[in-house]
Amino acid sequence: MHRFLTSFLAFALLAAAEPVDTIVSARYVVTMDAQHRVIENGAVAIRGERIVEAGTRADIDRKYQAKNRIDEPASLIAPGLINTHTHAPMSLFRGIADDLRLQDWLTKFIFPAEAKNVTGEFVRWGTRLACLEMLLSGTTTYVDMYYFEEIVAEETKAAGMRGVLGQTVIGFPVPDAKTPADELKRTELFIRRFQNDPLIVPAVAPHAVYTNSDETLKAARELANRYKVPFVIHLSETKKENDDLMAKRQMTPTQLLESIGALNGRTIAAHGVWVSDANIAILKRRNVGVAHCPSSNMKLASGVAPLMKYLRAGVAVGLGTDGVAGSNNDVDLFEEMDLAAKLQKVTTGDPEALNARQAVEMATIQGARAIGMEHEIGSLEAGKRADLITVSLGEPHAVPLYNVYSALVYALKSSDVRHVIINGKLVLRNRKSATIDSAAVLAKAAEYQRKIQASLSH
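A few points on the structure.

Here's the deal with the nonpolar core
Moving on, step 1. Membership of the largest hydrophobic core comes to 112 residues, with the highest contact counts inside it found for Leu 76, Phe 93, Phe 122 and Leu 412.
Moving on, step 2. Looking at this core element by element, the count peaks at nine residues for helix H4 (residues 120–136).
Moving on, step 3. Listed in part, the 14 residues of the second largest apolar core include Val 24, Val 44, Ile 77 and Leu 380.

Encoded structure:
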């Protein structure tokens, strides 16, 4: 009789359990919610593309019955990382020119190399390579700015990734358009095609104030506002950019954008290194999200962004890798978390500056705020998109573990990422991509290397 009652109760509980598609469990669930919950022996229940609940494994198992399970007792679960600034197709230019100042790097190497090599197919394979690298390092959402952005969007969707993708607008002939007016027309077609896409947020991306006229910047802002999409721009990346504009017009780039109304709407500004307190006040007032790119700013000797001032002012700041053609040579957000924290400590002389939890916030929920998507992604909460990663805690560099934030920032590596789920779909399992043919991508990258190298010798 006892055995019968036990079986009956188990069956009744199972019958009462709510059906879900997937349950992922792990040693810790790092939610990044407003309460900063870290759930030991936790789990996340997923139905469709959304999270149903994050809680203890015991509670989740009691409430839900899943079609699929991923049990990772020697891992942690975290929100998918958010790269707030990169140029994905430039992965095929990785290491093409290093150890240079930004203006020399752009004008002597990058712009000429792009003119000779960038086509739609280049963009397709470069995006595949970048997406593969990002998935393997735990990035689930990224903000891009490049040419042929409709192809970037096609490949991002095919990879199962989420992207805020900006079609570049720039004041000279480029591979996909001859004039800024042509670029704006391309951008509008791009926006119309990907409006309301579950994975793609199209954006308007004027390159910078020094590569566009006021008229073009205003037209780009008007287009972004008309379709309610983001406006993405490089801002005050170098001292030269600021000094040149001050000499010419007695304004900083931030002041110029404010004066022409270009900050009136959803804006993502990359770098923001050379900004004054008055500039930061403008960016805060206009709810501009800032993409902080520590590796890039260090490698190009562009300077150190006043990150702690941004955070004290309440500006939403995320982490970005920038492109990998020489301003950075990878798209590894684990590296950026580590560098962001250490860079603030050494430059402020304060070891408490940018603690580990703040660095993880920048890669997750703060990054989501910076790109205007905090209600959809950036934390593991009921109703949000099911974008999450599992990270192994089994390697020697991961033990012992006293604090999960410390581990994520200072000890764990991108190579510890095991599984990636985006929009409820498993796109990386045991470090094997379910969406990208890795062998084909690596072979094509080698082919492009030979072609690009030959083009530079002529």
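Things to note about the packing of aromatic side chains
Moving on, step 1. Evaluated as defined, the whole model comprises five aromatic pairs.
Moving on, step 2. Here Phe 111 and Phe 172 contribute two aromatic rings whose centre-to-centre distance is 5.2 Å and whose plane-to-plane angle is 65°, an arrangement assigned as edge-to-face. Taken together, the residues Phe 111 in helix H3 (residues 102–117) and Phe 172 in the loop between strand S7 (162–169) and helix H6 (180–194) connect sequence positions 61 residues apart.
Moving on, step 3. Each ring, one from Tyr 146 and one from Tyr 147, has its centre 4.8 Å from the other, and the planes form 50°; the classification is tilted. Accessibility classification places Tyr 146 together with Tyr 147 in one group, the buried group.
Moving on, step 4. Among the aromatic residues, ring-to-ring pairing joins Phe 93, Phe 122 and Tyr 448 into one connected group.
Moving on, step 5. The aromatic ring of Trp 125 is capped on one face by Arg 128, whose charged end is 4.4 Å from the ring centroid.

Topic: unusual backbone geometry
Moving on, step 1. The linkage connecting Val 399 with the following residue, Pro 400, adopts the cis geometry, with an omega of -10°.
Moving on, step 2. Tracing the chain through its elements places Pro 400 in the loop between strand S13 (388–392) and helix H16 (404–411).
Moving on, step 3. For Gln 250, which is not a glycine, the phi torsion comes out positive at approximately 55°.
Moving on, step 4. Relative to the helices and strands, Gln 250 is located in the loop between helix H8 (239–249) and helix H9 (253–259).
Moving on, step 5. For Gln 250, a relative accessible area of 56% translates into the label exposed.
Moving on, step 6. Phi at Asn 430 is positive, roughly 50°, even though this residue is not glycine.
Moving on, step 7. What makes Asn 430 partly exposed here is its relative accessible area of 41%.

A closer look at the side chain of Thr 86
Moving on, step 1. Its location among the elements puts Thr 86 in strand S5 (residues 81–86).
Moving on, step 2. Polar contacts involving the side chain of Thr 86 include one to the main-chain carbonyl oxygen of Asp 322, which spans 2.8 Å.
Moving on, step 3. In contact with Thr 86, not counting residues within four places along its chain, are Tyr 142, Val 143, Asp 144, Met 145, Thr 321, Asp 322, Gly 323 and Val 331.

What about helix H5 (residues 149–158)?
Moving on, step 1. Of all 10 residues making up H5, seven are buried, and the element is well covered by its neighbours.
Moving on, step 2. Those residues of H5 that sit buried are Glu 149, Glu 150, Ile 151, Val 152, Ala 153, Glu 155 and Thr 156.
Moving on, step 3. On its buried side, H5 packs onto H4, strand S6 (139–146), S7, H6 and strand S8 (200–206).
Moving on, step 4. Looking one or two residues past H5, Gly 160 carries a phi angle of roughly 80°, positive in sign.

So, the pairing of strand S2 (residues 38–47)
Moving on, step 1. Here strand S1 (residues 18–30) pairs with S2 via eight bridges, running antiparallel. Bridge assignment links Tyr 28 to a residue of S2, and that residue is Glu 40.
Moving on, step 2. Pairing between S2 and strand S3 (residues 50–56): six bridges, direction antiparallel. Residue pairing across strands places Val 44 opposite Ala 54, the latter belonging to S3.
Moving on, step 3. Connecting S2 to the antiparallel partner S3 that follows it, the hairpin turn spans two residues, and Gly 48 within it adopts a positive phi of roughly 60°.

Rules used in this analysis
- Residues numbered from 1 in each chain as written.
- Predicted model: local features only at pLDDT ≥ 70, side-chain atom pairs only at ≥ 80, totals over all residues.
- Heavy atoms only, no water.
- Core = buried A, V, L, I, M, F, W, Y, C linked by side-chain atoms within 4.5 Å.
- Buried < 20%, exposed > 50% of the residue type's maximum accessible area, 1.4 Å probe, protein only.
- Helix = DSSP H or I, 4+ residues; strand = E, 2+ residues; numbered from the N terminus.
- Phe/Tyr/Trp six-rings, centres within 6.5 Å; stacked < 30°, edge-to-face > 60°.
- Lys NZ or Arg CZ within 6 Å of the ring centre and 35° of its normal.
- Polar contact = N/O pair within 3.5 Å; in protein donor to acceptor, adjacent residues only side chain to side chain.
- Contact = heavy atoms within 4.5 Å.
- Pairing = 2+ DSSP bridges.

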